[in-house]
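Residues per chain are reported as follows:
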Amino acid sequence: MATLKSSFTVSPPNSNPIRFGCFPPQCFLRVPKPPCLRQRLVFPRFRRTIGGGGGGLIRCELPDFHLSATATTGVSTVISVDQVQIPKGEMWSVHKFGGTCVGNSQRIRNVAEVIINDNSERKLVVVSAMSKVTDMMYDLIRKAQSRDDSYLSALEAVLEKHRLTARDLLDGDDLASFLSHLHNDISNLKAMLRAIYIAGHASESFSDFVAGHGELWSAQMLSYVVRKTGLECKWMDTRDVLIVNPTSSNQVDPDFGESEKRLDKWFSSNPSKIIIATGFIASTPQNIPTTLKRDGSDFSAAIMGALLRARQVTIWTDVDGVYSADPRKVNEAVILQTLSYQEAWEMSYFGANVLHPRTIIPVMRYNIPIVIRNIFNLSAPGTIICQPPEDDYDLKLTTPVKGFATIDNLALINVEGTGMAGVPGTASDIFGCVKDVGANVIMISQASSEHSVCFAVPEKEVNAVSEALRSRFSEALQAGRLSQIEVIPNCSILAAVGQKMASTPGVSCTLFSALAKANINVRAISQGCSEYNVTVVIKREDSVKALRAVHSRFFLSRTTLAMGIIGPGLIGATLLDQLRDQAAVLKQKFNIDLRVMGITGSKTMLLSDIGIDLSRWRELLNEKGTEANMDKFTQQVHGNHFIPNSVLVDCTADSAIASHYYDWLRKGIHVITPNKKANSGPLDQYLKLRDLQRKSYTHYFYEATVGAGLPIISTLRGLLETGDKILRIEGICSGTLSYLFNNFVGDRSFSEVVAEAKNAGFTEPDPRDDLSGTDVARKVIILARESGLKLDLSDLPIRSLVPEPLKGCTSAEEFMEKLPQYDGDLAKERLEAENSGEVLRYVGVVDAVNQKGTVELRRYKKEHPFAQLAGSDNIIAFTTTRYKDHPLIVRGPGAGAQVTAGGIFSDILRLASYLGAPS
């Protein structure tokens, strides 16, 4: 053997000498045509055979190398070239395109365009089989195993799908070459499937061999399309490169050392700056074809990225990136700009559509970023999965929770008993049973007292686990050392994931507060010491609702309220118009999304799944309204799992509607109302309602029950909550009666003023409802009860302004016609007051000191604040230990649809702020 640096001559026996000159980095080698000589050149890290009876031409783009030659007697001459390291590092970018991305010929062209436009120096592209092809391949195996002859027609469908795609993409020699390979593969598959058909069984290696063909075909077609643009491109069958060791858990472990050697060897024979590689498939150390199992193409890309030490790995899909929650369940889910490897790992484990956890492992070793991008929306930047710097300022400004995920169809198993405490090996025995039945434990939670251990398993496995545990611990159960093995079905897991959770106090508090406010009960809790996730077990029926509630709270996305408006009369209609006018502003500026899901009157209701168009609500109610049904109405508003918070707004004065409040609150439905019937009704019912409100996180707001839009209830609560003590509340709290006595002056008769107020719409349709004093009495009862007094309506003496003989009038018209006959009595009282420099005012009084209340007509000096009112204004004076000498006064409009609806609207916004909207 001779080693030459510049030139050499090989003279095989009985042949003409072959002379080779020195090889520059780029050169052409022409091989003559010796009849008995076969030469093989070994270049750095690749091997190429040329000659073999005909002339051959090879082009090399290589660094300097040394050449050695060996002559053999009469058979062959082997020329080997010392290998050089394949270039690795940031000059490589790795792309992975899933089945949807290469689903048809046009999409394959789009992929080729993305590859061409990538300005990386070198590119390796991993492709999946065309959309649905892998499923078709596994279907072939199933049919052949079951001896179903239709596997032949199914195989023909696979052939036709790829034949048509190829004819649309390729032409000339490229098309002929691909179709030749395709038909050869189909022939081999037909023989393989025939063997499976006869045996009635397919081994795992047979199945993997058949299933992996879709990737072979898509990779070949894409490589031809790229080459048509004039770029150098080779396709790689990764079964020649990726070596994996199957494990017992239906997974495989990559052999990185052997794979790296084989990659170098493959590249030595196939140098190219663009490589199209098959995803999903690999080989065992014994060179038996296998697959990378679930999400295998993503795994392939990550492994190749690690082998090449690539700059980044881009996973191309049909979504814009990784969402903060499943967008099918949370409309307000947002695309995350960045995720750490650990965050992506956690979210993947809990079912988020990110990456399989094992996909992340290879790139983590070399800190290679993974970018998730949308092939159908190239303008979207996608999500970068990487290891962020610890001092990243932008990271410090982001929410501590990056995302939320759920796992459904689980069951919780609780093993409980005093005999477990301090007994070594109990947990080992429990989970040994679980392992024996092959079940997968999703989550574990153990009380620090060691009194109980609970864990979640898939619901389909719970019966086997339960039976195994009862068998294993039968003696302990009989002896009482274990009290129970309880199965809790129909569960879901909700996980909050975020790397910053570990360094941010209060994350768990915020999470559980959001769940509590959505009236969701937590069955079990688990948190790893790394604090990358907090996991809770909840009822399956609450899964979506919980996801929406916690996502809204952490991301301050739109605080969405599902609303039902009861009573679209004067006040209800005014409220709906106010909501219509303000909805866009609230959504844009305050992230508050108010959706009216239903409107109901006494006869007709209108329901919607996404929210009623309030610009047309009157028209829609008339055209599409159905028969009113309170149960269906409530279910429509509250049963929408896509909106975590629901509120019913009762704009009626109906005691039958008020009787539903307790059940609504108990179900987690917030209630807002100007209806006084509930808070002034029977004392026991009121106390029961308030007790429920205090014990739950469901809100019950009724500011408009006393002073329309005036902050009377909230002022009273503020005084009490800050430790003040109520001595007396006195006020004019009826806008109608305020108007009447503000205008009952001079020579005007009382009946004349009542008629004027009725015509102006200030009174109820029947003025006796106002003049009876019952409305004022109800307000006095509400204020008294808020102050801590246990009074009933029957406890209040009420001065009625309806003359006794007129209480029996059959109509409002008859009453108005006869009222002037009784003007004398009130005229006399007014005159006496005026002669004393006083005015008449109709007031309600809460005497907290003496624990009583009254509704009466009283006289006040003209300089008194009560004598200074105008129109229909209300005024309330709070005398307290702090405001004893100078009472705290609240004054303003106390009647009218606009101000009452405004008071209700204010309560709605207050509820939104309580539920997470910015204040």
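Each value, and the rule that gives it
Sequence positions are assigned chain by chain, starting from 1 and proceeding in written order. Predicted model: local features are reported for residues with pLDDT of at least 70 only, side-chain atom pairs are reported and counted for 80 or more only, and whole-chain, interface and lining totals are derived from all residues. Where side-chain values are given, they derive from all heavy atoms of the structure, hydrogens and water being excluded. The way it works is that DSSP assigns letters per residue, a run of H or I at least four long becomes a helix, a run of E at least two long becomes a strand, and they are numbered from the N terminus. Between buried and exposed lies partly exposed: a residue is buried under 20% and exposed over 50% of the maximum accessible area for its type, with that area taken using a 1.4 Å probe on protein chains only. Computed by Shrake-Rupley with a 1.4 Å probe, the accessible areas treat only the displayed protein chains as cover when residues are assessed. Strands qualify as paired when DSSP identifies two bridges or more between them. Lines fitted to C-alpha atoms define the axes here, with helix axes fitted over just the stretch in contact, and angles between the N-to-C directions of these axes take values from 0 to 180 degrees. In what follows, roughly perpendicular refers to angles from 65 to 115 degrees, roughly parallel to angles under 35, roughly antiparallel to angles over 145, and oblique to any angle outside these ranges. Note on convention: near helix rotated counterclockwise from far helix by under a right angle means a left-handed crossing. Clockwise means right-handed. Every residue pair with non-hydrogen atoms within 4.5 Å of one another is taken to be in contact. Charge convention: Lys and Arg are scored as positive, Asp and Glu as negative, and His as well as the terminal groups of each chain are ignored. Should a side-chain nitrogen of Lys or Arg be within 4 Å of a carboxyl oxygen of Asp or Glu, the pair is scored as a salt bridge. For this analysis, a polar contact is any N or O atom pair within 3.5 Å, provided that within protein one partner can donate a hydrogen and the other can accept it, and provided that sequence-adjacent residues contribute only side-chain to side-chain pairs.

What to know about the overall build of the chain
- Tallying secondary structure elements over the chain gives 31 helices and 39 strands in all.
- Here the chain holds 919 residues, and 53% of them are scored as buried.
- Total accessible area on the chain is roughly 40800 Å²; 49% of this is exposed by carbon and sulfur atoms.

Some points on the sheet that holds strand β34 (residues 700–701)
- Spatial strand order, β31-β30-β29-β28-β32-β33-β34: seven strands in an open sheet with mixed pairing. Edge strands, defined here as strands with exactly one partner in the open sheet, are β31 (626–627) and β34.
- Relative to strand β30 (residues 604–607), strand β29 (residues 592–600) is paired through three bridges, and the arrangement is antiparallel. When the sheet's bridge partners are listed, Thr600 is paired in β30 with Met605.

Remarks on the pairing of strand β21 (residues 383–386)
- With three bridges connecting them, strand β19 (residues 338–340) and β21 associate as parallel partners. Bridge pairing in β21 places Ser340 opposite Cys386.

Considerations on the sheet that holds strand β36 (residues 838–847)
- Taken together, five strands build an open sheet; the order of strands is β37-β36-β35-β38-β39 and the sheet is antiparallel. Single-partner strands in this sheet number two, and they are β37 (852–861) and β39 (888–893). Along the sheet, successive strands turn relative to each other by an average axial angle of 20 degrees, direction set aside.
- One ladder, built from ten bridges, connects β36 with β37; its direction is antiparallel. Its bridge partner lying in β37, Val839 is registered against Tyr860.

Things to note about the packing of helix α2 (residues 133–145) against helix α5 (residues 204–211)
- In contact at an axis separation of 9 Å, α2 and α5 are set at 140 degrees when each is read in the N-to-C sense. It follows from the interaxial angle that α2 and α5 lie oblique. Between α2 and α5 the crossing geometry is right-handed. On the side of α2, the interface is formed by Met137, Tyr138 and Ile141, while α5 contributes Ser207, Asp208, Val210 and Ala211.

Details of the side chain of Asp118
- As for its position among the elements, Asp118 is in the loop between α1 (105–117) and β11 (122–127).
- Buried charge Asp118 goes without a salt bridge, the closest partner of opposite sign being Arg311 at 4.3 Å.
- Side-chain polar atoms of Asp118 contact the side chain of Ser93, separated by 2.7 Å.
- Here the side chain of Asp118 touches Ser120 through a polar contact of 2.9 Å, side chain to side chain.
- In contact with Asp118, not counting residues within four places along its chain, are Ser93, His95, Lys123 and Arg311.

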